Structure formats: structure tokens, C-alpha cells
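Close look at the chain arrangement
What follows is each chain in one-letter form.
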Amino acid sequence: MKEEEGPVAPHRAGDVTEHVGYRLKRAAAALRSAMDQVLREHGLTVPQYACLELLDERPGISGAELARRTFVTRQSSSVVLRGLQEADLVTRPATADHGRALPVHLTEEGLARLEAARAAVYAVERRMIQAIPPRRLDALLADLDRMAAALDG
């Protein structure tokens, strides 16, 4: 009787901590922790900061589009937006002028908070990417994009 073979690992790894997925998750967790720490000083969470960044780039974007671009569910996005509205960082009409989408906009206070927090977040990212040689950054970004595209369908 032939002994059954288990699944073949996608690449040579001594244990789970050497797998690409594990290392990506570890890097993402470290980034999230560092961002949580600096954003706390600005009274923001990572999802709130992500929403403010997107609203600065795309004023009037809908809540559904914010959810897609921040990688959260619509329900989670609604909770984040409600908190931002209560903090007077964004505005959103009670009813839509046309269609069903309710456009979201930064307030002056939202823009000021974003600009202050942005410097802290950029410092975190700068610290993270200084760990790799500058000549490899473009290749790393391209590789990350290709890996995401390979799983997106």
C-alpha cells in the first residue's frame, strides 16, 4: 500500500513562520500596531484615518465606495462614518439629492485632523520602508500588487 502524501507547500519553508502569508500578516500587524499608537494621539483609529485620507482624495465619495476602498464591510464603514460625523470630522446629508448614495465630505476640522495625523502615519511608513534598500522598493510594491491581483480573481 502506498503511503498518502500530504499537500505540497508552495515554497520551501521550515515552519509556518517562513510562509509568505504568515510574513505578510506579521508585517501588516506590525504596521497596524504602529499606526494605532500614533493615531491614538490624534483621537483617530486606523479605519477612521483611512476614511479621512480617501475623502481628501475623493470628496463626495459614497459610504459604499469608502467601505470597498478601506477593505471593510458596509456595516463597519457605517459605524466608522457615524463616529466621524459625531466628531464633526465629516458631513453627510440625511437624504440624497439624486440616487441612493449619500456623498461624504471632510469638514475643516476633519481636514486639520487628517493633516496632523498624516505626518505621524507617514513617519511610521518611512520607518518601515527604511528597513529595505531603496532600490528594492519599486519591485516590492509591484510584487505586492501582483500577489493581490493573483488572489482577486
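Up top you'll find the structure we're talking about.
Just so it is clear, the structure is predicted and the values come from calculations on it, not from any experiment.

As for its placement among the helices and strands, Leu39 is situated in helix α1 (residues 20-40). Here Leu39 falls in the buried class, since its relative accessible area comes to 0%. Along the chain, Leu39 and Leu114 lie 75 residues apart, while their C-alpha atoms are 9.9 Å from each other. If we skip the residues at most four places from it in the chain, Leu39 touches Leu44, Thr45, Val46, Tyr49, Ala117 and Val121.

Here we come to a nonpolar patch on the surface. On the surface, a nonpolar cluster with roughly 440 Å² of combined accessible area is contributed by Val20, Leu24, Leu140, Leu141, Leu144 and Met147. No other element matches helix α6 (residues 137-152), which puts four residues into the nonpolar patch.

Let's shift gears to the side chain of Gln48. Inspection of the secondary structure puts Gln48 in helix α2 (residues 46-57). According to the relative accessible area criterion, Gln48 is buried, its value standing at 15%. For Gln48, the residues in contact, after removing those within four places along its chain, are Gly43, Val80, Gly83 and Leu84.

A separate point is helix α5 (residues 108-129). Helix length check: α5, at 22 residues, gives a terminal C-alpha distance of 31 Å against a target of 32 Å (1.5 Å per residue), a fit within 8%. The largest bend in α5 comes to about 25°, at Arg118. Gly110, Leu114, Ala117, Arg118, Ala120, Val121 and Val124 are the residues of α5 that are buried.

Right, let's get into unusual backbone geometry. The phi dihedral of Phe71 falls on the positive side, at around 65°, and the residue is not glycine. Mapping Phe71 onto the fold places it in the loop between α3 (63-69) and α4 (74-86). In this structure Phe71 comes out as exposed when scored by relative accessible area, which is 76%. If you check the backbone angles, Asp88 has positive phi at about 65° while not being a glycine. Classification of Asp88 as exposed rests on a relative accessible area of 52%.

Inspection of the secondary structure assignment puts Leu55 in helix α2. You can call Leu55 buried: its relative accessible area is 2%. Leu55 has contacts with Ile61, Leu66, Val90, Val104, His105 and Leu106, leaving out every residue within four places of it along the chain.

Bringing the pattern of salt bridges into the picture now. Where charged atoms from two side chains of opposite charge approach closely, those side chains can pair. A complete count under the given rule lists seven salt bridges for this structure. Shared partners join several salt bridges into a network, and the residues in it are Glu53, Asp56 and Arg118.

What counts as what
Residues numbered from 1 in each chain as written. Predicted model: local features only at pLDDT ≥ 70, side-chain atom pairs only at ≥ 80, totals over all residues. Heavy atoms only, no water. Helix = DSSP H or I, 4+ residues; strand = E, 2+ residues; numbered from the N terminus. Buried < 20%, exposed > 50% of the residue type's maximum accessible area, 1.4 Å probe, protein only. Contact = heavy atoms within 4.5 Å. Patch = residues over 30% accessible without salt bridge, like charges linked within 9 Å, V, L, I, M, F, W, Y side chains within 5 Å. Areas by Shrake-Rupley, 256 points an atom, 1.4 Å probe, with all protein chains shown as cover. Salt bridge = Lys/Arg side-chain N within 4 Å of Asp/Glu carboxyl O. Expected span 1.5 Å × (residues − 1). Bend = angle between axes of the 7 residues up to and from the residue.

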